[in-house]
Amino acid sequence: MAKKNENKLEDQKSNDLKKNTVDNNGEFLTTNQGLRINDDQNSLTAGERGPTLLEDFHLREKITHFDHERIPERIVHARGSGAHGYFELHESLSEYTKADFLQTPGTRTPVFARFSTVAGSRGSTDLARDVRGFAVKFYTQEGNYDLVGNNMPIFFIQDAIKFPDLIHAVKPEPNNEIPQAASAHDTFWDFVSLTPETMHNVMWLMSDRAIPRSLRMMEGFGIHTYRFVNKEGKSFFVRFHWKPVLGVHSVLWEEAQKISGIDPDFHRRDLYDSIDKGMFAEWDFGVQIVNEEDEHKFSFDLLDPTKLIPEELVPVKIVGRMTLNRNVDNFFAETEQIAFHPGHVVPGIDFSNDPLLQGRLFSYTDTQLIRLGGPNFHEIPINRPVCPFHNNQRDGYMRQTINPGQSSYHPNSTGEGFPKQAKESEGGYTSYHERIDGHKIRTRSKSFMDHFSQPAMFYNSLNEVEKQHVIDAFSFELGKVKKAEIRERTVGLITKINKDLAKLVADRLGIKNPKPDKIMNHSYPADANPNDYQPMDANPDPKSSPAVSMANTRKDSIKSRMIAFFAADGVDAKSMENMKKALGKQQAIVKIVAPHAGEIKTSSGETVKVDESFLTADSVMFDAIFIPGGKKSINTIVGIDKAKTYVQDAFKHFKPIGAVDDGEEFLQKSLELKSKELPKGVLLNEQASAFIDAIKQHRFWERKV
Ligand code: HDE
């Protein structure tokens with residue numbers, strides 16, 4: 001059986017990692033030199049109460065290694081969670097690209113995916129309002145291909161040279177290192193207010209996309225336009241998409257804030273636990289393909305990373321699926337040491353001249369050199385390709401590879417000319433022969449000056465609830481900004497996107513008459529005429545793009561959703577078990593929440609294990625609440641204040657709530673339902689199927705709260 005697995009392409013990486021996996025089970029404790037340790041409890045001292053001796057090699061080795069355990073965290077995307085899996089191609093892309101892993105339907109390629117927040121440190125909360133990184137390493141037979149994207153289809157800036165400014169502005173302020181993992185402070189909004197090209201990504205950041213319910217419920221985007229090149233040498237522009245099989249869902253800002261306190265590892269735990277339970281995380285992989293001849297047919301520039309290609313103009317063609325099915329064995333060795341790079345490509349995938357992408361191509365290796373401590377980070381197990389690699393690069397800190405022989409240069413005769421170059425027909429990478437003709441200049445193309453049309457399109461595409469959340473988010477974030485002129489300048493920019501939105505935000509900030517700043521773009525070269533850098537007025541084309549609204553996501557599954565069952569001694573076994581079984585069939589996860597930890601006894605005397613007490617959990621950890629019957633159980637729960645707030649919060653957060661039999665009494669007492677007609681998503685004595693359908697909806701936004 002093991003032999004068979006070794007032959008499977010999708011297992012190649014995990015088999016490779018096994019070579020470096022060391023299991024301590026049943027082994028003696030030793031030094032790093034293999035010497036068995038007799039006493040790991042006491043240092044070597046001169047006498048019982050005397051000084052410690054320098055001679056104690058075990059103490060020295062142990063402490064020295066400990067002293068050097070930390071490496072620098074990533075300058076951005078420091079906090080991340082990752083998992084292994086595979087990518088399966090369903091439809092050949094051979095018409096567009098010669099990339100080997102995209103040729104034959106059914107081909108499985110091992111992958112490692114890492115999701116991250118951008119601004120926070122390694123130990124910061126998962127639920128920060130932030131963009132999420134969505135990076136996938138494909139271990140293909142032609143070398144590693146890294147698709148290093150985000151969960152939003154556009155970026156804040158158009159040129160890599162502004163990246164350090166953007167990141168300095170959003171990170172904690174340099175004088176006091178406040179605030180952690182938050183954009184709600186002066187320097188971020190100062191930069192935004194002076195740099196109108198940020199506004200499209202800012203709109204997405206203010207939307208619920210920035211506070212996902214789960215890493216498994218967010219989309220991924222390559223953002224930049226890349227190139228495909230087929231066997232005939234013909235090129236196509238391409239944008240990459242990941243669409244979550246569970247749909248795109250978020251939490252509310254109030255929930256995000258609470259979760260950050262109650263369980264800052266919420267997303268990491270959710271990914272780990274669901275994979276652990278065999279509920280694998282899945283995304284469909286899609287491409288938007290644009291013929292080279294059509295490069296200029298859009299109202300925006302394809303090379304501009306602050307623009308998306310509306311899916312209504314160029315549909316996303318779904319061609320495969322990624323399944324993450326294996327947790328890491330060691331977080332540091334795998335998730336922390338993985339090194340992504342948008343420049344890791346394979347034949348058939350190439351770059352466009354997007355100036356943001358071009359800058360990234362330099363940055364990633366550069367940052368790994370300092371973060372991972374030298375040029376040999378490609379030898380770290382998680383970073384090694386599954387295909388062989390040979391070249392004349394040598395030496396450097398921590399070199400693992402032993403290259404025998406006399407020759408380390410090319411051309412050589414001492415090594416009989418090896419390693420040799422590969423012809424294109426042998427899989428040698430050739431760059432696309434794009435014709436370039438231009439002056440060496442520093443300027444921004446005029447075609448990049450439309451900063452407001454797509455933010456306006458985004459806002460137009462949201463439903464009323466989504467719009468309200470954007471208004472609330474702007475009001476919160478700008479409300480945290482101390483300098484009035486920054487608030488005013490930003491609201492001025494919002495007027496250019498949507499006057500109603502600007503007015504609503506302005507009212508919340510006490511700004512009387514929001515006006516666009518006279519010179520709105522402050523990021524232009526010293527010698528330039530500022531007028532040449534002024535953004536164009538919004539003229540969205542199309543006016544809206546339904547695909548960007550989360551309200552239009554698929555809602556057909558409750559797999560891995562967390563459902564709290566309120567129960568105490570005397571809970572009605574039948575109503576609890578019936579619902580539990582029905583939810584279990586749909587692969588939802590039921591957690592018994594009780595007045596105390598340990599166990600409770602049902603009405604029929606059986607013992608049930610308690611998962612959480614009302615003290616250890618909170619409504620924000622769950623997708624829905626169910627209250628089974630049982631007079632005694634309900635009598636107990638009615639007396640617990642936290643249980644009542646639990647339900648009230650779930651109600652306020654638009655979540656489905658179900659109750660049967662005596663459970664109704666608790667619901668009535670907690671929610672004080674006055675009218676006979678039940679609020680949307682509150683279900684009394686309904687079939688399990690109705691409760692399941694309600695959970696599929698995720699939230700009942702139309703509920704009056
Ligand atoms: Fe990155 N980015 N980035 N970035 N980025 C890094 O590389 C950089 C950008 C993204 O899980 C760094 O290994 C520049 C866009 C992800 O390990 C660094 C620019 C997009 C990750 C870096 C950008 C991304 C990174 C820090 C402007 C979406 C985490 C640590 C030109 C398409 C990968 C590291 C992981 C990480 C530079 C802009 C995505 C410093 C200079 C746009 C998902 O090299």
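Residues numbered from 1 in each chain as written. Predicted model: local features only at pLDDT ≥ 70, side-chain atom pairs only at ≥ 80, totals over all residues. Heavy atoms only, no water.

J.: What's the story with the overall build of the protein chain in this structure? I'm lost.
T.: When helices and strands are counted, the protein chain shows 19 helices and 18 strands. For 705 residues, the compact-globule estimate of 2.2 N^0.38 gives 27 Å, and the C-alpha radius of gyration of the protein chain, at 28 Å, lies within 12% of that figure. For the C-alpha atoms alone, the extent of the protein chain along its principal axes is close to 90 × 80 × 60 Å. The buried share among the 705 residues of the protein chain stands at 52%. Put simply, 74% of the contacts in the protein chain that link residues at least 6 apart link residues at least 24 apart. Split by element, the accessible area of the protein chain, about 33,600 Å² in all, is 51% carbon and sulfur. Across the protein chain, the centroid of the 90 positively charged side chains sits 2 Å from that of the 98 negatively charged ones. (Helix = DSSP H or I, 4+ residues; strand = E, 2+ residues; numbered from the N terminus. Rg over C-alpha atoms; globule rule 2.2 N^0.38 Å. Buried < 20%, exposed > 50% of the residue type's maximum accessible area, 1.4 Å probe, protein only. Contact = heavy atoms within 4.5 Å. Areas by Shrake-Rupley, 256 points an atom, 1.4 Å probe, with all protein chains shown as cover. Lys, Arg positive; Asp, Glu negative; His and termini not counted. Charge placed at Lys NZ, Arg CZ, Asp CG, Glu CD.)

J.: Sorry if this is basic, but what is going on with the packing of aromatic side chains here?
T.: Pairs of aromatic rings are described using the distance from one ring centre to the other and the angle between the two planes. Tallied over the full model, the rule gives 35 aromatic pairs. Pairing F87 with F285 gives two aromatic rings, centres 5.2 Å apart and planes at 80°, and the pair type is edge-to-face. Of this pair, F87 sits in strand β1 (residues 80–89) while F285 sits in strand β8 (residues 281–291); the two residues are 198 residues apart in sequence, bridging distant segments of the chain. Looking at F87, the relative accessible area reads 0%, which means it is buried. Relative accessible area serves as the criterion here: at 1%, F285 is assigned to the buried category. Aromatic side chains Y96 and F236 sit 5.0 Å apart centroid to centroid with 85° between the ring planes, which places their arrangement in the edge-to-face category. Taken together, the residues span a long stretch of sequence, with Y96 in the loop between β1 and β2 (108–117) and F236 in strand β7 (residues 235–244) at a distance of 140 residues. Grouping residues by exposure puts Y96 and F236 together as buried. Aromatic rings pair up to connect F87, F101, F115, F134, F138, Y145, Y226, F228, F240, W242, W283 and F285 into one cluster. Taking the ring centre of W253 as reference, the NZ or CZ of R129 above it sits at 4.9 Å. Directly above the aromatic system of Y459 lies the positively charged group of K467, at a separation of 5.3 Å from the ring centroid. (Phe/Tyr/Trp six-rings, centres within 6.5 Å; stacked < 30°, edge-to-face > 60°. Lys NZ or Arg CZ within 6 Å of the ring centre and 35° of its normal.)

J.: Just to check I follow, could you spell out the coordination of the iron atom of the ligand for this structure?
T.: Angles at a metal have ideal values that depend on geometry: 109.5 degrees with four tetrahedral donors, 90 or 180 degrees with six octahedral donors. Counting protein donors around the iron atom of the ligand gives one, Y364 (OH), at 1.9 Å. Relative to the helices and strands, Y364 is located in helix α10 (residues 355–371). (Donors = N, O, S within 2.8 Å, 3.2 Å for Na, K, Ca; no water.)

J.: What am I meant to see in the layout of surface pockets here?
T.: To find leftover empty space, a probe the size of one water molecule is rolled over the atoms. The calculated volume of the largest pocket comes to roughly 1,600 Å³. Along the wall of the largest pocket there are 39 residues; nearest its centre are H65, N330, F332, A333 and Q337. Taken together, the residues that form the lining of the largest pocket break down as 15 nonpolar, 14 polar and 10 charged. Here the lining of the largest pocket spans two domains, and each of domain 1 (2–67) and domain 2 (80–203 + 213–383) adds at least three residues to it. The calculated volume of the second largest pocket comes to roughly 1,200 Å³. As for the second largest pocket, its lining consists of 31 residues, and the residues nearest its centre are E142, P388, F389, H390 and N391. Looking at the lining of the second largest pocket, its residues break down into 13 nonpolar, 14 polar and four charged. (1 Å grid on protein atoms, 1.4 Å probe; cavity = no way out; pocket = protein on both sides within 12 Å on 5 of 7 lines; lining within 4 Å. Points joined across faces, edges and corners; volume = space filled by probe spheres on them. Nonpolar A, V, L, I, M, F, W, Y, C, P; charged D, E, K, R; others polar. Domains from an automatic or database assignment.)

J.: Just to check I follow, could you spell out the sheet that holds strand β17 (residues 657–659) for this structure?
T.: Strand pairing within a sheet occurs via backbone hydrogen bonds; the two strands may be parallel or antiparallel. The six strands lie next to each other as β15-β12-β11-β16-β17-β18, forming an open sheet whose pairing is parallel. Taken across any chain shown, the strands that pair with only one partner, and hence form the sheet edges, are β15 (612–613) and β18 (682–684). Pairing analysis gives three bridges linking β17 to β18, with the strands arranged parallel. Bridge assignment links I657 to a residue of β18, and that residue is V682. Contacts between helix α17 (residues 641–652) and the sheet are confined to β11 (562–566), β12 (589–594), β16 (624–627), β17 and β18, with β16 contributing the most and set at about 135° to the helix. Here helix α18 (residues 663–671) sits on the sheet in contact with β11, β16, β17 and β18, set at roughly 135° to β17. (Pairing = 2+ DSSP bridges. Axes fitted to C-alpha atoms, helices over the stretch in contact; angles between N-to-C directions.)

J.: Looking at this structure, how should I read the domain arrangement of the protein chain?
T.: How big an interface is tends to be expressed through the accessible area that disappears when the partners come together. Considered domain by domain, the protein chain is made up of domain 1 (2–67), domain 2 (80–203 + 213–383) and domain 3 (555–696). Placing the centre of domain 1 and that of domain 2 at their C-alpha centroids yields a distance of 35 Å. Each side of the interface is counted separately: domain 1 has eight residues, and domain 2 has 11 residues. Buried surface at the junction of domain 1 and domain 2, both sides included, amounts to about 920 Å², of which 61% is carbon and sulfur. Of all residues in domain 1, E10, K13 and L17 give up the largest surface area on contact with domain 2, accounting jointly for 61% of the area buried on that side. (Buried area = accessible area lost by both parts, 1.4 Å probe.)

J.: I'm lost on the site of the ligand in this one. Help?
T.: Near the ligand lie 23 residues; those nearest to it are R74, R114, S363, Y364 and Q368. In the environment of the ligand, an oxygen atom lies 2.7 Å from a nitrogen or oxygen atom belonging to the side chain of R74. Within the residue set of the shell around the ligand, elements represented by two or more residues are β3 (132–140), β4 (143–150) and α10. At six residues, α10 tops the list of elements feeding residues into the shell around the ligand. For the shell around the ligand, the residue count by class is 11 nonpolar, nine polar and three charged. (Near = heavy atom within 4 Å. Polar contact = N/O pair within 3.5 Å; in protein donor to acceptor, adjacent residues only side chain to side chain.)

J.: What exactly am I supposed to notice about empty space enclosed by the protein here?
T.: For the coordinates displayed, the defined rule picks out nine cavities of 30 Å³ or more. Considered as a void within the structure, the largest cavity measures approximately 150 Å³ in volume. Around the largest cavity, the lining is made up of 18 residues, and of these P153, F221, H241, L308 and E311 lie nearest the centre. Across the lining of the largest cavity, the residue classes break down as 10 nonpolar, four polar and four charged.

J.: Any chance you could explain the nonpolar core here in plain terms?
T.: Nonpolar side chains tend to gather and get buried jointly when the protein is soluble and globular. One finds W189 and F474 to be the most contacted residues of the largest nonpolar core, which totals 53 residues. Tallying contributions element by element places helix α6 (residues 199–206) first for this core, with six residues. Ignoring any residue separated from it by four or fewer positions in sequence, one finds F474 in contact with W189, M199, V202, M203, M206, G479, I494, L501 and V505. Counting residues in each nonpolar core, the second largest holds 39 residues, with F87, L89, A113 and L357 among its members. (Core = buried A, V, L, I, M, F, W, Y, C linked by side-chain atoms within 4.5 Å.)

J.: Looking at this structure, I do not really get the pairing of β7. What am I missing?
T.: One face of the sheet, then the other: side chains in a regular strand alternate in exactly this way. Across the 10 residues that make up β7, a large majority, nine, are buried. As defined by bridge partners, strand β5 (residues 220–221) adjoins β7 across two bridges and the pair is classed as antiparallel. Bridge pairing in β7 places G220 opposite W242. Following strand β6 (residues 226–229), the chain reverses through five residues before pairing antiparallel with β7; G233 in that reversal takes a positive phi of roughly 85°. One ladder, built from nine bridges, connects β7 with β8; its direction is antiparallel. From the neighbouring strand, F240 faces β8, where its bridge partner is V287.

J.: Any chance you could explain helix α12 (residues 464–479) here in plain terms?
T.: Each α-helix winds once per 3.6 residues, and so residues spaced three or four apart point in a common direction. Here α12 spans 22 Å end to end across 16 residues, near enough to the 22 Å set by a 1.5 Å rise per residue. Where α12 is concerned, the buried positions are E466, K467, H469, V470, I471, A473, F474, S475, E477 and L478. Tucked into the core, α12 has its buried residues touching α5 (186–194), α6, α11 (453–461), α13 (484–497) and α14 (499–509). Its side-chain oxygen 3.1 Å from the backbone nitrogen of V465, N463 forms the N-cap of α12. (Expected span 1.5 Å × (residues − 1).)

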